[in-house]
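# Structural description and commentary
Residues per chain are reported as follows:
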Amino acid sequence: MTTLQQIELTCPVCETRFRSQAVVSTNSFGGKRTDFHERAAGTQPLPYLVHMCSRCGYAGSEKDFTEEAEITPTLREHVWNELAPKLHQSVLWHQQHGAQGGQGSAAQASLLGNGQGASSGAGASSSSGGQTGTTGATGAVAAMVTVPGSEKYEAAARVAEWAGAEPRQVADLLLRAAWCCVDEGDVEAERYFRRRAAWAFEQALSAYDGVAREERAVLTYLVGELWRRVGDHRQARGWFEQVPHEITEAHSQQWVLDASRQQKDAPREWFG
Ligand SMILES: [Zn+2]
């Protein structure tokens, strides 16, 4: 089973302290899909491996909320201008549609907090040090954000792009967004994120040194599998057929070759 624990994080963009849930332990007893989506028995851990500030919408892993996070003025401005408004819309939408069942009051609380933050933050985004909000200043802890995992990963992918991360890293976050959509039961959003993940992996593969030599075969397979799951069988076939040319070590990579043949000719949804 997956064990979660409540943690407190401080947003490096707006300095709000907020609560989030993190994974203490998990398992892989739920099997692995042929797009490497590993499943846990019980609660799926994915949505809790990414966190989002309930005031400005900045998102990332726990590490992105430490001193290690480098927040440039441009990144800060993007967060206030693009992620903050999106967060407010999302909280409002989920509140109205009751998608987060029973967490309406938390959504309400964070919405109120955010509404305030966005207006002062957006105006102050080009001046220095203007974003220290009331929440951070008083030491209070903001309510937990109630947006789904896919939206948190999408925001984290944007933050990674603005921070100049490698396409490979952005692709991983988009892939996780797609995986979250599976559990959220949103087929259309799942396809959307699979497409974006495929493009990002393609970009990584086409860049010089974008992907380690020994990883190219498996990522080439993955791009094929993403297109297959989107329903674009022509593109899927092209990528699966490319896999043999990317093998660097015949013995240890035999399984990639086998998987690409299988997914091309008689696809399966699960490994094993
Ligand atoms: Zn923030």
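In this text the structure is predicted, and so the values were computed from the model without any measurement.

### What about the nonpolar core?
In terms of nonpolar packing, the biggest core is built from 61 residues, with Cys-56, Leu-174, Ala-197 and Phe-201 touching the most fellow members. Among the secondary structure elements, those contributing two or more residues to this core are α1 (73–97), α4 (149–162), α5 (167–184), α6 (187–206), α7 (216–230), α8 (233–246) and α9 (254–265). For this core, the two domains that each supply at least three residues are domain 1 (3–148) and domain 2 (151–265).

### Let's talk about the sheet that holds strand β1 (residues 3–10)
Pairing is mixed across the open sheet formed by three strands, whose spatial order is β1-β2-β5. Strands with a single pairing partner mark the edges of an open sheet, and in this sheet they are β1 and β5 (141–142). Pairing geometry for β1 and strand β2 (residues 17–25), over eight bridges, is antiparallel. Bridge pairing links Leu-9 to Phe-18 in β2.

### Points about unusual backbone geometry
Positioned with a positive phi, Glu-15 is a non-glycine residue whose angle comes to about 65°. Tracing the backbone through its elements, the reader meets Glu-15 in the loop between β1 and β2. You can call Glu-15 partly exposed: it has 17 C-beta atoms within 10 Å. One non-glycine residue, Phe-36, adopts positive backbone phi at about 75°. Here Phe-36 lies in the loop between β2 and β3 (51–52).

### Focus: the packing of α8 against α9
Their axes nearest at 9 Å, the elements α8 and α9 cross at an angle of 155°. Overall, the two elements α8 and α9 adopt an arrangement that is roughly antiparallel. Seen from above, α8 lies across α9 with left-handed handedness. In contact with Arg-237, Phe-240, Val-243 and Pro-244 of α8, α9 contributes Val-256, Leu-257, Ser-260, Gln-263 and Lys-264.

### Quick look at α8
One turn of the α-helix equals 3.6 residues, which is why residues spaced by three or four share an orientation. Under the 1.5 Å per step criterion, the end-to-end length of α8 is 20 Å for 14 residues, consistent within 8% with the ideal 20 Å. For α8, the complete set of buried residues consists of Ala-236, Trp-239, Phe-240, Val-243 and Glu-246. Around the axis of α8, the buried residues are gathered within 110° of arc, so they sit on the same side. Exposed residues on α8 whose side chains face more than 90 degrees from its buried face are Arg-234 and His-245. In this structure, the buried side of α8 is in contact with α7 and α9.

Thresholds, definitions, all that
- Residues numbered from 1 in each chain as written.
- Predicted model: local features only at pLDDT ≥ 70, side-chain atom pairs only at ≥ 80, totals over all residues.
- Core = buried A, V, L, I, M, F, W, Y, C linked by C-beta atoms within 7 Å.
- Buried ≥ 20, exposed ≤ 12 C-beta atoms within 10 Å, placed from the backbone.
- Helix = DSSP H or I, 4+ residues; strand = E, 2+ residues; numbered from the N terminus.
- Domains from an automatic or database assignment.
- Pairing = 2+ DSSP bridges.
- Axes fitted to C-alpha atoms, helices over the stretch in contact; angles between N-to-C directions.
- Parallel < 35°, antiparallel > 145°, perpendicular 65-115°, else oblique.
- Left-handed = near helix turned anticlockwise from the far one by under 90°.
- Contact = placed C-beta atoms within 7 Å.
- Expected span 1.5 Å × (residues − 1).
- Arc of directions from axis to C-beta.

That's the geometry; what it means functionally is another story.
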